[in-house]
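Take a look at the letters that make up each chain.
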Amino acid sequence: MGNQELNLNHQWTKPLRKKFNLFIKEKNPTFPECKEFIRNLGMELNDINLRFAAGIYIFEKYDGRHTVEEIREIIEDEIDNLINENQ
């Protein structure tokens, strides 16, 4: 059962993703605010979850103004900066 509990801390279920996307769209938060939101959802702020969140955050931030290829390039440079911001 310990393994199942660990895995739950790494799961981005569809409802959690929807809540996170809506939070970004409605509040236009900083990434540290996103990390707090994720923590409040009961998710662990581990590398996997933070990278996934950073990808969603960047996509929502640039969506509609850039192509997918441009967003991919931006993500490569920006994910590590977002995760390490204000630690």
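Residues numbered from 1 in each chain as written. Predicted model: local features only at pLDDT ≥ 70, side-chain atom pairs only at ≥ 80, totals over all residues. Heavy atoms only, no water.

Caption draft 1: How the structure looks around the nonpolar core. Ranked by internal contacts, the top residues of the largest apolar core, which has 21 residues, are Trp-12, Phe-20, Phe-31, Cys-34, Tyr-57 and Ile-58. Sorting the residues of this core by element identifies helix 2 (14-27), helix 3 (31-40), helix 4 (47-62) and helix 5 (68-84) as the ones contributing at least two each. Looking at this core element by element, the count peaks at seven residues for helix 4. Not counting residues up to four positions away in its chain, the partners in contact with Trp-12 are Arg-17, Phe-20, Ile-38, Met-43, Asn-49, Phe-52, Ala-53 and Ile-56. (Core = buried A, V, L, I, M, F, W, Y, C linked by side-chain atoms within 4.5 Å. Buried < 20%, exposed > 50% of the residue type's maximum accessible area, 1.4 Å probe, protein only. Helix = DSSP H or I, 4+ residues; strand = E, 2+ residues; numbered from the N terminus. Contact = heavy atoms within 4.5 Å.)

Caption draft 2: Representation of a negative patch on the surface. Negative charge collects at one region of the surface, where Glu-69, Glu-70, Glu-73, Glu-76 and Asp-77 lie side by side. Mapped onto the secondary structure, Glu-76 falls in helix 5. (Patch = residues over 30% accessible without salt bridge, like charges linked within 9 Å, V, L, I, M, F, W, Y side chains within 5 Å. Areas by Shrake-Rupley, 256 points an atom, 1.4 Å probe, with all protein chains shown as cover. Salt bridge = Lys/Arg side-chain N within 4 Å of Asp/Glu carboxyl O. Lys, Arg positive; Asp, Glu negative; His and termini not counted. Charge placed at Lys NZ, Arg CZ, Asp CG, Glu CD.)

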